[in-house]
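Topology and contacts: notes
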Amino acid sequence: GEPGGADRLEGVVAQWTGSWGFIDFLDGRRAYAHNSASGGSPLVEGQAVLASLVPDDRNEGKWQARDVERVATYAEDGSGRIEGTVTGWRGAYGFAHFTDGRRAYVHSSFCSQPLSDGDVIIASLVEDPQNLGKWQAQHVDKKAAMRIIDDGSGRLQGRVTQWHGTYGFIQLADGRRAYVHNSQCGAPLWEGASVLGRIAEDPKNPEKWQAFEVSVLNGAAPASAPARMPSPLPCPPAPAQPQRAAPRPQRPGRLQAQVSEWSGTFGFLQFEDGRRAYVHNS
């Protein structure tokens, strides 16, 4: 074999520009790399890799990386989500390159915080239902945005991953998943909201968790958050307030909904039964 190429070494991508860049290896060497050496797809700055090193035939005394293998980086919260970097963000959607080499579509409705190009994120990847053979990112958080907060109350930070009108589930910073009811919330919740809560075993479900004393971080819901639908058990109206008119009769099988998000030609509807659905203007 070629000199220097016998052993595979661990390194970190130090710079990347389009289709090429440089990798810093643990033995102190820096090597040029082209995406043809990594399966044809670009690498991501900060990404851990394994590669063979050979002398760079165009630059005497320099090194070139061959057979570059990505070492996937996973979230430290135990959720199994993978790390990636946002590229091509367009306000409400964009793409991210993940450390296992996959590229995925990202929509703001699956993000707990606003994103921008270069943000390092963690996310779950699923097959994109709109594009066969492509990937979509869900349960997206900025790296280190989910953390254990010590505010003296013993509460943990988490993100609301599901919400069904009066109850839902929170993904906690320590990896656990907890049920939450709106009777334990200091403010209305929505999917993607960052919250603090006290966690205890769920008395109705052994080995499961339930959240109490839940409060929303960073104030009220953003404008893009789904409007909260009426509770199945509404509080009585004030005496001087007229009774709400009965809803208009609906055709069988149709439900009332509010538009919770719209991006030019498509968006999402929040239905009165708690479900959320994609809609296109076609």
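Given the structure is predicted, the values throughout are model-derived calculations rather than measurements. Going along each chain's sequence as written, the residues are numbered from 1 onward. Only residues with pLDDT of 70 or above have their local features reported here, since the model is predicted, and side-chain atom pairs are shown and tallied only from 80 upward, although totals for entire chains, interfaces and linings are computed over all residues. Processing note: side-chain calculations cover all non-hydrogen atoms of the structure and skip hydrogens and water entirely.

**Let's talk about the overall build of the protein chain**
Along its length, the protein chain carries 0 helices and 18 strands. Categorising residues by exposure relies on relative accessible area from a 1.4 Å probe, with only protein chains included: less than 20% of the type maximum marks a residue as buried, more than 50% marks it as exposed, and the intermediate range marks it as partly exposed. Counting across all 282 residues of the protein chain, residues that qualify as buried make up 37%. For the protein chain, the accessible surface area stands at approximately 16500 Å², while carbon and sulfur atoms represent 51% of it. Each helix corresponds to a stretch of at least 4 residues labelled H or I by DSSP, and each strand to a stretch of at least 2 residues labelled E; elements are numbered beginning at the N terminus. Here the Shrake-Rupley method, with its probe set to 1.4 Å, supplies the accessible areas, and only the displayed protein chains count as covering residues.

**Description of the sheet that holds strand β8 (residues 103–107)**
If you trace the 5 strands once around the closed barrel, you get β6-β7-β8-β10-β9, paired in mixed fashion. Ignoring strand direction, the axes of neighbouring strands in this sheet form an average angle of 50 degrees. Paired strands are those between which DSSP finds at least two bridges. Note on geometry: axes are C-alpha line fits, over the in-contact stretch for helices, and angles between N-to-C directions span 0 to 180 degrees.

**Brief notes about the pattern of salt bridges**
Criterion for a salt bridge: a side-chain nitrogen of Lys or Arg within 4 Å of a carboxyl oxygen of Asp or Glu. In the structure shown here, the tally under the stated rule is 7 salt bridges. In this structure, Arg30 engages Asp24 in a salt bridge whose closest nitrogen and oxygen atoms are separated by 2.8 Å. Where Asp27 meets Arg29, a salt bridge forms, and the shortest distance between an N and an O atom there is 2.8 Å. Taking the relative accessible area as the measure of exposure, Asp27 reaches 42% and is therefore partly exposed.

**Examining the environment of Ala48**
Here Ala48 is to be found in strand β4 (residues 48–55). Look at Ala48 and you get buried, because its relative accessible area is 16%.

**Focus on the sheet that holds strand β15 (residues 209–216)**
Ordered in space as β11-β12-β13-β15-β14, the 5 strands form a closed barrel in which the pairing is mixed. Going from strand to strand, the sheet's axes swing by 50 degrees on average, the running direction of each strand aside.

**Topic: the packing of aromatic side chains**
Ring pairs shown here join Phe, Tyr and Trp side chains whose ring centres sit within 6.5 Å, with only the six-membered ring taken for Trp; geometry is labelled stacked below 30 degrees between planes, edge-to-face above 60, and tilted in between. Taken as a whole and assessed by the stated rule, the structure comprises 7 aromatic pairs. Relative to Tyr105, the ring of Phe95 has its centre 5.9 Å away and its plane inclined at 70 degrees; by these criteria the two rings are edge-to-face. In this pair, Phe95 is assigned in strand β7 (residues 93–98) and Tyr105 in strand β8, connecting sequence segments 10 residues apart. Tyr105 sits in the buried class, given a relative accessible area of 18%. These aromatic residues form a ring-pair network of at least three members: Trp20, Phe22 and Tyr32. Against the face of Trp135 rests Arg102, its NZ or CZ located 4.4 Å from the ring centre. Across from the ring centre of Phe95, 4.1 Å away, lies the NZ or CZ of Arg103, which sits over that ring. Charges are assigned to positions over rings by a cutoff of 6 Å between ring centre and Lys NZ or Arg CZ, combined with an angular limit of 35 degrees from the ring normal.

**Quick notes on the pairing of β8**
With respect to burial, β8 is a largely interior element, 4 of its 5 residues being buried. Pairing between β7 and β8: 5 bridges, direction antiparallel. Bridge assignment links Phe95 to a residue of β8, and that residue is Tyr105. Two successive antiparallel strands, β7 and β8, enclose a turn made up of 4 residues, where Gly101 displays a positive phi of approximately 100 degrees. Sheet topology places β8 next to strand β10 (residues 135–142); 2 bridges connect them, and they run parallel. Its bridge partner being in β10, Ala104 is matched across the sheet by Trp135.

**Concerning the environment of Val12**
Tracing the backbone shows Val12 in strand β1 (residues 8–17). According to the relative accessible area criterion, Val12 is partly exposed, its value standing at 38%. The sequence separation of Val12 and Phe22 amounts to 10 residues, and the corresponding C-alpha distance is 8.8 Å.

**Notes on the nonpolar core**
Here the nonpolar core consists of buried residues drawn from Ala, Val, Leu, Ile, Met, Phe, Trp, Tyr and Cys, with membership extended through side-chain atoms lying within 4.5 Å. Membership of the largest hydrophobic core comes to 16 residues, with the highest contact counts inside it found for Val160, Ile170, Val180, Leu189, Val195, Ala211 and Val214. Only heavy atoms matter for contacts: two residues are in contact if any of them lie within 4.5 Å across the pair. Not counting residues up to four positions away in its chain, the partners in contact with Ala211 are Ile170, Ala178, Tyr179, Val180, Gln184, Arg198 and Ile199.

**Things to note about unusual backbone geometry**
Here His139, not a glycine, exhibits a phi torsion of approximately 50 degrees, which is positive. Here His139 shows up in strand β10. Backbone geometry at Glu213 places phi at a positive 50 degrees, although glycine is not the residue there. Relative to the elements of secondary structure, Glu213 occurs in strand β15.

**Quick notes on the environment of Glu83**
When you line up the elements, Glu83 lands in strand β6 (residues 82–87). For Glu83, a relative accessible area of 11% translates into the label buried. When the C-alpha positions of Glu83 and Ala72 are compared, they lie 7.6 Å apart, and in sequence the two are 11 residues distant. Among all residues touching Glu83, those that are not within four sequence positions of it are Thr73, Phe98, Thr99, Val120, Ile121, Ile122 and Lys143.

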